[in-house]
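Take a look at the letters that make up each chain.
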Amino acid sequence: QVQLQESGPGLVKPSQTLSLTCTVSGGSITTNYAYWSWIRQPPGKGLEWMGAILYSGSTYYSPSLKSRTSISRDTSKNQFTLQLSSVTPEDTAVYYCASGISYWGEGTLVTVSS
């Protein structure tokens, strides 16, 4: 019954910060042992795990993206967010939020272009 929905701008300019929000329904982001991830898929490439925020608020990031990635949450809204700074066209991808590995949002395409 958990449902997730990504939202945010579909177009971001190079050097700016990409910001997305995942709204969760049917489950609480503070449920014990749950983790909430951001994953992306660039055109023609495979899935790339970006990072996650745990039920406790602790965060973990892919080493390749750690320096540019920040995941946070708003427990009152049952939302968690992604910020990816200093974007380039290589960051163009479909971005997904997910609960564990079982429940995924439908994804949202973010294009980095001037």
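Reference entry: report on the structure contained in this document.

Conventions adopted
Residues numbered from 1 in each chain as written. Predicted model: local features only at pLDDT ≥ 70, side-chain atom pairs only at ≥ 80, totals over all residues. Heavy atoms only, no water. Disulfide = S-S within 2.5 Å. Helix = DSSP H or I, 4+ residues; strand = E, 2+ residues; numbered from the N terminus. Buried < 20%, exposed > 50% of the residue type's maximum accessible area, 1.4 Å probe, protein only. Pairing = 2+ DSSP bridges. Axes fitted to C-alpha atoms, helices over the stretch in contact; angles between N-to-C directions. Phe/Tyr/Trp six-rings, centres within 6.5 Å; stacked < 30°, edge-to-face > 60°.

Some thoughts on the state of the cysteines
Here is step 1 of the chain: Applying the stated rule across the entire model yields one disulfide.
Here is step 2 of the chain: At a sulfur-sulfur separation of 2.1 Å, the disulfide partner of Cys22 is Cys97. When the S-S torsion is 70°, as for the bridge of Cys22 with Cys97, the disulfide is right-handed. Residue Cys22 is located in strand β3 (residues 18–25), and its partner Cys97 is located in strand β9 (residues 93–99); the two are separated by 75 residues in the primary sequence.
Here is step 3 of the chain: For Cys22, a relative accessible area of 0% translates into the label buried.
Here is step 4 of the chain: Residue Cys97 is classed as buried on the basis of its relative accessible area, which comes to 0%.

Points about the sheet that holds strand β1 (residues 3–7)
Here is step 1 of the chain: Strand order in this open sheet of four strands is β1-β3-β8-β7, and the pairing throughout is antiparallel. Two strands bound the open sheet, and with one partner strand each, they are β1 and β7 (69–74). The average undirected angle you get between the axes of adjacent strands in this sheet is 20°.
Here is step 2 of the chain: Sheet topology note: the β1/β3 ladder contains five bridges and is antiparallel. Bridge pairing links Glu6 to Cys22 in β3.

As for the packing of aromatic side chains
Here is step 1 of the chain: Tallied over the entire structure, the rule returns four aromatic pairs.
Here is step 2 of the chain: Clustering of aromatic rings is evident, with ring pairs tying together Trp36, Trp38 and Phe80.

Function cannot be inferred from these measures alone, as they are strictly geometric.
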